[in-house]
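This is what each chain is made of:
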Amino acid sequence: MLVELAYLAATVLFILSLHWMSDPRTARRGVGAGVAAMVIGVAATWARPDIAKHLWVVLPILAAIVPGVWLSMVPLTAVPQRTALSHAFGGLAAGLVGTAKFAYWYGHEPEMLTAFRMGAIGLEVLLGYLTFTGSLIAAAKLQEVKWVPQRPWVYSGQQAVNLGAFGAALVLGVMLVVWPTEPWSPWAFGVLVLLALNFGWMLVMPIGGADMPTVIAILNAYAGLAAVAMGFVLDNKLLITAGALDGSSGLILSIIMCRAMNRSFFNVLFGAFGQAQAKGAAGEQKVYKPETPDNAAAILEQAGSVVVVPGYGMAVAQAQHKVRELYDALKKRGISVKFAIHPVAGRMPGHMNVLLAEAEIPYEDLVEMDEINPEMPRCDVCLVLGANDVVNPAARFDTSSPIYGMPIIDADKARTVFAVKRSKNPGFAGIDNELYFLDKTWMLFGDAKGVVGEVVKHLGDGGR
Amino acid sequence: MLVELAYLAATVLFILSLHWMSDPRTARRGVGAGVAAMVIGVAATWARPDIAKHLWVVLPILAAIVPGVWLSMVPLTAVPQRTALSHAFGGLAAGLVGTAKFAYWYGHEPEMLTAFRMGAIGLEVLLGYLTFTGSLIAAAKLQEVKWVPQRPWVYSGQQAVNLGAFGAALVLGVMLVVWPTEPWSPWAFGVLVLLALNFGWMLVMPIGGADMPTVIAILNAYAGLAAVAMGFVLDNKLLITAGALDGSSGLILSIIMCRAMNRSFFNVLFGAFGQAQAKGAAGEQKVYKPETPDNAAAILEQAGSVVVVPGYGMAVAQAQHKVRELYDALKKRGISVKFAIHPVAGRMPGHMNVLLAEAEIPYEDLVEMDEINPEMPRCDVCLVLGANDVVNPAARFDTSSPIYGMPIIDADKARTVFAVKRSKNPGFAGIDNELYFLDKTWMLFGDAKGVVGEVVKHLGDGGR
Amino acid sequence: MGQVFVLAAAAAQVPASHGTAPLDYVSMLFVFTLATFIGIGVIRRVSRLLHTPLMSLTNAISAIAVVGAIIVAGGSEEYPLYVRVMGAVALFASMTNIISGFLITDRMLKMFRTREGRPGGTAGSGGAL
Amino acid sequence: MGQVFVLAAAAAQVPASHGTAPLDYVSMLFVFTLATFIGIGVIRRVSRLLHTPLMSLTNAISAIAVVGAIIVAGGSEEYPLYVRVMGAVALFASMTNIISGFLITDRMLKMFRTREGRPGGTAGSGGAL
Ligand SMILES: NC(=O)c1ccc[n+]([C@@H]2O[C@H](COP(=O)([O-])OP(=O)(O)OC[C@H]3O[C@@H](n4cnc5c(N)ncnc54)[C@H](OP(=O)(O)O)[C@@H]3O)[C@@H](O)[C@H]2O)c1
Ligand SMILES: NC(=O)c1ccc[n+]([C@@H]2O[C@H](COP(=O)([O-])OP(=O)(O)OC[C@H]3O[C@@H](n4cnc5c(N)ncnc54)[C@H](OP(=O)(O)O)[C@@H]3O)[C@@H](O)[C@H]2O)c1
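Owing to the predicted nature of the structure, the values given are computational and were not obtained by experimental measurement.

Asker: Whenever I open this one, the overall build of chain C confuses me. Can you help?
Answerer: When its secondary structure is counted, chain C shows five helices and zero strands. Mapped from its N terminus to its C terminus, chain C presents α and β elements in the order α-α-α-α-α. When each of the 129 residues of chain C is scored for burial, the buried share is 59%. Taking the contacts inside chain C whose residues are at least 6 apart along the sequence as the reference set, 51% of them involve residues at least 24 apart. Accessible surface, chain C as shown: approximately 4,600 Å² in total, 70% of it carbon and sulfur.

Asker: How do you make sense of the overall build of chain A when you look at a structure like this?
Answerer: For chain A, the count of helices and strands is 17 helices and six strands. For chain A, the C-alpha atoms occupy an extent of roughly 80 × 50 × 35 Å along the three principal directions. The buried share of chain A, reckoned over its 464 residues, is 59%. Taken as a whole, chain A presents about 17,900 Å² of accessible surface, with 67% of it coming from carbon and sulfur. Between the averaged position of the 35 positive side-chain charges in chain A and that of its 36 negative side-chain charges there is a distance of 2 Å.

Asker: Sorry, what's going on with the packing of helix α8 (residues 212-234) of chain A against helix α2 (residues 24-43) of chain D here?
Answerer: Interhelical geometry of α8 of chain A versus α2 of chain D gives an angle of 155° and a closest axis separation of 10 Å. Between α8 of chain A and α2 of chain D, the angle is such that the two are roughly antiparallel. With respect to the hand of their crossing, α8 of chain A and α2 of chain D are arranged in right-handed fashion. Contacts between α8 of chain A and α2 of chain D pair L225, V228, G231 and F232 of chain A from the former with Y25, M28, L29 and F32 of chain D from the latter. A class-by-class count of the residues in the contact of α8 of chain A with α2 of chain D yields seven nonpolar, one polar and no charged.

Asker: What is the right way to read the site of ligand 1 from this model?
Answerer: All names here are of chain A. Neighbouring ligand 1 are 29 residues; N388, D389, R422, S423 and D447 lie closest to it. Side-chain polar atom of D389 to an oxygen atom of ligand 1: 2.8 Å apart, as the coordinates give it. Here a nitrogen atom of ligand 1 sits 2.8 Å away from a polar atom, N or O, in the side chain of D447. For ligand 1, the accessible surface in isolation is 910 Å², of which the surrounding protein chains cover 96%. Ranked by residues supplied to the shell around ligand 1, first place goes to helix α12 (residues 312-317) with four residues.

Asker: In this structure, what is going on with a nonpolar patch on the surface? I would like to understand it.
Answerer: Nonpolar side chains collect at one region of the surface, where L62, I65, V69 and M73 of chain A together with L103 of chain D lie side by side and expose about 440 Å² of accessible area between them. In terms of residue count, the dominant contributor to the nonpolar patch is helix α3 (residues 54-72) of chain A (three residues). You can see L62 of chain A is positioned in helix α3.

Asker: What is the right way to read the pairing of strand β1 (residues 305-310) of chain B from this model?
Answerer: Working note: regular strand, side chains alternate between the two faces of the sheet. All names here are of chain B. A large share of β1 lies buried, amounting to six of its six residues. Judged by which residues are buried, β1 turns out to be covered on both faces: S305, V307 and V309 on one side and V306, V308 and P310 on the other are all buried. Inspection of the sheet shows β1 paired to strand β2 (residues 336-341) by four bridges, in the parallel sense. Within the sheet, the bridge partner assigned to V307 lies in β2 and is K338. Here β1 pairs with strand β4 (residues 381-385) via five bridges, running parallel. Following the sheet pairing, V307 is matched in β4 by C382.

Asker: Where do I start with the pattern of salt bridges in this structure?
Answerer: Close approach of charged atoms allows side chains with opposite charge to pair. Summed over all chains, the structure comprises 23 salt bridges over all chains. We note a salt bridge from K237 of chain A to D235 of chain A, for which the minimum N-O separation is 3.8 Å. Like K237 of chain A, the residue D235 of chain A is buried in the burial classification. In this structure, K338 of chain B engages D365 of chain B in a salt bridge whose closest nitrogen and oxygen atoms are separated by 3.8 Å. A residue pair is termed long-range when its members are at least 10 positions apart, and K338 of chain B in strand β2 and D365 of chain B in the loop between α14 (351-358) and β3 (366-368) qualify at 27 residues. Overall, K338 of chain B belongs to the partly exposed group, its relative accessible area being 25%. Owing to a relative accessible area of 0%, D365 of chain B belongs among the buried residues under this scheme. Overlapping salt bridges bring together R396, D410, D412 and K413 of chain A as one network.

Asker: Just to check I follow, could you spell out the interface of chain A and chain C for this structure?
Answerer: By a frequent convention, interface size equals the accessible area lost on bringing the separate parts together. Contact residues are listed per partner, giving 13 residues for chain A and ten residues for chain C. Summed over both partners, the interface of chain A with chain C comes to about 990 Å²; 90% of that surface belongs to carbon and sulfur atoms. Area buried by chain A at its contact with chain C is led by M1, L8 and K237 of chain A, which between them contribute 44% of it. Linking chain A with chain C are zero salt bridges, by the criterion used here. Summed over the shared surface of chain A and chain C, the result is zero residue pairs in polar contact (both at pLDDT 80 or more). When residues of the side of chain A that touches chain C are traced back to their parent elements, those giving at least two are α1 (2-20) and α9 (237-260) of chain A.

Asker: I keep staring at the interface of chain B and chain C and nothing clicks. Help me out?
Answerer: Between chain B and chain C, the residue contacts involve 108 residues of the former and 95 residues of the latter. Area buried by chain B at its contact with chain C is led by M21, R28 and W56 of chain B, which between them contribute 8% of it. At the surface where chain B touches chain C, the tally comes to one salt bridge. Among the salt bridges present, the one from D106 of chain C reaches R28 of chain B, with a minimum N-O distance of 3.0 Å. For the interface between chain B and chain C, the tally reads eight residue pairs in polar contact (both at pLDDT 80 or more). Among the elements that line the side of chain B that touches chain C, the one with the most residues is helix α4 (residues 79-107) of chain B, at 16 residues. Residue composition of the side of chain B that touches chain C, grouped by class: 67 nonpolar, 23 polar and 18 charged.

Asker: Got a minute to help me understand a positive patch on the surface in this structure?
Answerer: The grouping of R44 and R45 of chain C together with R44 and R45 of chain D at the surface amounts to a positive patch. Residue placement: R44 of chain C occurs in the loop between α2 (24-43) and α3 (51-61). Under the relative-accessibility criterion, R44 of chain C is labelled partly exposed at 47%.

Asker: Help me understand the site of ligand 2, please; the structure alone is not making it clear to me.
Answerer: Residues and elements named next belong to chain B. In the region of ligand 2, 28 residues are neighbours, and N388, D389, R422, S423 and F428 sit closest. G386 is positioned with one of its backbone polar atoms (N or O) 3.0 Å from an oxygen atom of ligand 2. Each residue belonging to the shell around ligand 2 can be placed in one class, and the counts come to 14 nonpolar, nine polar and five charged.

Asker: Just to check I follow, could you spell out unusual backbone geometry for this structure?
Answerer: Among all residues except glycine, the phi angle is most often negative; among peptide bonds, the trans geometry is most common. All names here are of chain B. Notably, D235 is not glycine yet its phi reads approximately 50°, a positive angle. Residue position: D235 is located in the loop between α8 (212-234) and α9 (237-260). With a phi angle near 60°, E360 is a residue other than glycine that sits in the positive phi range. Mapped onto the secondary structure, E360 falls in the loop between α14 and β3.

Asker: Is there a simple way to explain the sheet that holds strand β3 (residues 366-368) of chain A in this structure?
Answerer: By definition, the strands of a sheet pair up through backbone hydrogen bonds, in either a parallel or an antiparallel sense. Residues and elements named next belong to chain A. Read from one edge to the other, the open sheet built from six strands follows the order β3-β2-β1-β4-β5-β6, with strand pairing classed as parallel. Lying at the two open borders of the sheet, with one neighbouring strand each, are β3 and β6 (441-445). The sheet shows a mean angle of 25° between the axes of neighbouring strands, direction not considered. The strands that helix α14 (residues 351-358) touches are β1 (305-310), β2 (336-341) and β3; relative to β2, the one it contacts most, it runs at about 145°.

Asker: It is not clear to me how the sheet that holds strand β5 (residues 416-421) of chain B should be interpreted in this structure. Could you clarify?
Answerer: Residue and element names in this part refer to chain B. Within the open sheet, the six strands sit side by side as β3-β2-β1-β4-β5-β6. Their pairing is parallel. Single-partner strands in this sheet number two, and they are β3 and β6 (441-445). If you compare each strand with its neighbour and ignore which way they point, the axes differ by 25° on average.

Asker: What is the right way to read the confidence of the model for chain C from this model?
Answerer: For residues with low pLDDT, the predicted coordinates do not support detailed interpretation. Residues and elements named next belong to chain C. Looking at chain C, the pLDDT average stands at 72 and 69% of residues meet or exceed 70. Within chain C, the element-level pLDDT minimum falls on helix α1 (residues 2-13), averaging 37, and the maximum on helix α5 (residues 81-111), averaging 89. For the stretch residues 1-21, pLDDT sits under 50, and the model shows 19 contacts to residues farther than four places along the chain or on other chains. Counted against residues more than four places away or in other chains, residues 118-129, with its pLDDT under 50, gives 18 contacts. Across the whole predicted complex the pTM is 0.75, and at the interface the ipTM reaches 0.75.

Asker: Even after reading the chapter, I still don't get the nonpolar core, so can you show me in this structure?
Answerer: Among soluble globular proteins, nonpolar side chains are generally buried collectively. Judged by nonpolar contacts, the single largest core of 394 residues is most densely connected at F339 of chain A together with F339 of chain B. Excluding residues within four positions of it along the chain, F339 of chain A makes contact with V308, V323, Y327, L356, I361, D365, L366 and V367 of chain A.

Rules of the game
- Residues numbered from 1 in each chain as written.
- Chains lettered and ligands numbered in written order.
- Predicted model: local features only at pLDDT ≥ 70, side-chain atom pairs only at ≥ 80, totals over all residues.
- Heavy atoms only, no water.
- Helix = DSSP H or I, 4+ residues; strand = E, 2+ residues; numbered from the N terminus.
- Buried < 20%, exposed > 50% of the residue type's maximum accessible area, 1.4 Å probe, protein only.
- Contact = heavy atoms within 4.5 Å.
- Areas by Shrake-Rupley, 256 points an atom, 1.4 Å probe, with all protein chains shown as cover.
- Lys, Arg positive; Asp, Glu negative; His and termini not counted.
- Charge placed at Lys NZ, Arg CZ, Asp CG, Glu CD.
- Axes fitted to C-alpha atoms, helices over the stretch in contact; angles between N-to-C directions.
- Parallel < 35°, antiparallel > 145°, perpendicular 65-115°, else oblique.
- Left-handed = near helix turned anticlockwise from the far one by under 90°.
- Nonpolar A, V, L, I, M, F, W, Y, C, P; charged D, E, K, R; others polar.
- Near = heavy atom within 4 Å.
- Polar contact = N/O pair within 3.5 Å; in protein donor to acceptor, adjacent residues only side chain to side chain.
- Patch = residues over 30% accessible without salt bridge, like charges linked within 9 Å, V, L, I, M, F, W, Y side chains within 5 Å.
- Salt bridge = Lys/Arg side-chain N within 4 Å of Asp/Glu carboxyl O.
- Pairing = 2+ DSSP bridges.
- Buried area = accessible area lost by both parts, 1.4 Å probe.
- pLDDT = per-residue confidence, 0-100.
- Core = buried A, V, L, I, M, F, W, Y, C linked by side-chain atoms within 4.5 Å.

Below, the structure written as structure tokens:
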């Protein structure tokens, strides 16, 4: 009885943990509540009368400490890959428990395999293994691992094959639910597992590297639902609630990201966005106006208000600390500095916030896109730092462009625009950017970190 | 099995119903969802296999239609009393079902009276009957029924008697839980019922008429908890969820009201606030500067922005329609008119909003206290209409005053103030109001409806 | 031998509403806690304007006790008369609550109107009392 | 006669986690629906700034599967070896998730700082990697 109450306490703590995440000030208490809930959950389960083999429990936990800590020390830019990898672990765990329970019950307590529980096991295994392989591929794509193609891997009859496999899995599932304890049941189960593993691979491969963050969010939801299915199998309320919380969070995050990228949920999942675009219409050769960091520094000094638009480039170049120096230098001169954060800048939702926070830039100065846009016309200098698609005016009028309709930061409304990027090639969506050819835009070619470092140096010595 | 799913659907609809109440635009859909949920709940219960005596179900429902509709046609000012009365009905229903179940199980299925269920029945009966009598007295106090004293009815050993009775009830409860099926159990149960009825009376009588709205909110929470207890007794999830939703709403509403009145929760319940205060220190006779409605109308015409502070007086005088005419007259002259709504103006939370809404004044012009206060210094004319405590500056500095610390509307910051009230006696908290003696304050003595009517007339004919 | 079997049969398939499994009240506790969390989360978001209608709406919702009343009033067990009468009175009381609660809430809500006229889609009739 | 009794006894007091009463999955469904409502309500309020830490936090929370893994790995029933190994691997995987998930979330949150310095009470160390 006490175990159930402990589960209730753990559930309450999980809810509070997510509740406290609503505000940076209370966020860390949220983590504390989460840890406490997990400890109670594990301790209560361990203390259950029907747990005897303690060695089998202690060893894996001890073994997990080293990889656990190592995985948490990963550099910030690798956060997306790490999350994908741990989703793979989560999916694997759910799948394995489902398979273990089925194998045991089939062999020893067949009467346990009621239709309801068999259905739950089937779901748990399907979701678990699907998340496992899907997340592995997502991690590989994010890590830009060589043999996994970045571009969506599309072949002709793909939809047909997908549907066929899905149908087969469904039929198998129904058969298992109706006759769970037949001699051929374990074989059907095995095939189901293989199909599930295959699904992960089939669903994620055709999705371009760009959409991985959304895919990770969806896989997060699947991992949560797998935990819910496990809860139904083991009649464990804590699993159900925690799984539901995780599932709904994954779902909402992916919806938010899709809306920010202005692309429908299904389009991301099934539409093979990001095929290698036929090169943008060459048309007349647009003119880039290169500029030097010291002139840029001079103009920045005269500016009253500066808005920095960070993008994936800043993350790759790890330029956030240099950006912090620029922020301090400008602030010392009484210049108002704001950071325009586009919801899908970079490769993870909130990716820019974390980077800038890491450079200890106060989060009050990180301004959401919708709040900053109205003020852009009054901004003297807009420094586009490694951002491309999120400031591309094409999204507003060019219906043919893949990012058409995506809300963007109105960098083109600022008085002067400096764009920092290494080369002339396009950004993530592979399309040209009108912004660079406006007469008020000056290009600062080079690595983000280097260029910003130069500018700060010039600001430093030329200081008033 | 289907019945349980129907209960789940009803629960979801109840949650949505409260969710849609978050915004006036979607509020009416909320009522629709609530009705649907109730219909599903009743239908599912009726269709249960163990319900046979249909006549016994149909007759009471039909009989309830007439009083139900009559009770809903009650005039708006009587809304507080109506709500109190229906809480009494709710409490009675919970108490009766608990008693009936106990009587039946005791006589026919004693093994059903497990400790847990006995405890739940005890709680249900205690809460139910307590809410029943408590709400009846609250309704009487609000209706200012003659034989129920408005002023808190306090006698010397009161706390001792209360605690004694409470202790007795507790002991009885424990005894019943331990020996639910003893020959003397029904007697113990009877005494418990009487004690519960007595509690309602003892708890509510010593609370002044002023605090009835908070008392109603708390009784609302008790009625909800009684429904939860009934859910535990009958192992019915719909009762538990709906009861929990109602209970938490009652709780939060009373906390909000206490905070708005800046008085602690317990102080309202137990502190006998509002004893007939020794008359305010007479000191030098303060000077009221009476004014006439036509002068007031002249000054109003020159005003650029007018803020109306409605209070209990406007509700009593049913002046909201006249106020609407004033609103239109001023608006026609391009004068900005806003209504400053104090959270506890009147006698019910949101009482003023409902009255002004009834007069079809657009709710965008009803401004919360915290939003209007910063703008008060720029307000040309502040028309205090039957409000007293909510605009009494004493709350800011006079620590001895009972309303000390209560956030108020800064009417005294406006350029000119007109205060409409019938006489010189104090408001609800029985204390003098400094506002009336400021040199910029002019008194418009008379009934709110009459005075406003006069002003509108003068505005009308003297129109530019 | 007979009773044992009867007992077993009774225990095995007694309708759940009667023979609750020992652990069942824990799941009830779970449902109660989660529902309270939802309640607090949802009520906090109700706009101040609507506090009075909210009170009458939750009052109507608390009349869910009608479910218990139906079980007592219409129960197939041979309830003694006075028990069934109690059930009927409870049913009458909560039904009145439901009808009056929802009606008055709707009446109050109909009065809230934005500047351009009727809030929400329904082209309700005039708001007069 | 013996079996009947045994059956009755078994049915009567089998630990709930095994012989779930037929109606039990409905209460599980209830718990699932309510939890999802809470999830949606709570997640919607998480500030945009914290979406990345939120993802790693919920990832750690989804590692609640560790409970299932412990039941399999440490179960007193005589599980065949390969089943117990599966449980151990699952336990290892979800434990790694828990440790890395909570640690990295905390690391990221420590970086968020208001102008006057450390957010929240804890006087954490410098935010450097
Ligand atoms: N954040 C998310 O959750 C998320 C999720 C899904 C999809 N996306 C997609 O990702 C894109 C994000 O747009 P974005 O503007 O942030 O990035 P982007 O469009 O991918 O552009 C990155 C820019 O940075 C430049 N760059 C790369 N490395 C650099 C370095 N070391 N120094 C300086 N510049 C460098 C690149 O130009 P050079 O190569 O010439 O230097 C490129 O123009 C959007 O299309 C969005 O739809 C984001
Ligand atoms: N709203 C709630 O939920 C709630 C709950 C609990 C307590 N309360 C308490 O109620 C009080 C509300 O304050 P309030 O300013 O709204 O009202 P108030 O302080 O009670 O004052 C009402 C004023 O209206 C005047 N008045 C009465 N009838 C009138 C009529 N027919 N025409 C013109 N004037 C009339 C009265 O003066 P004359 O008699 O001289 O005319 C009195 O000055 C606060 O103290 C609050 O703490 C409210």
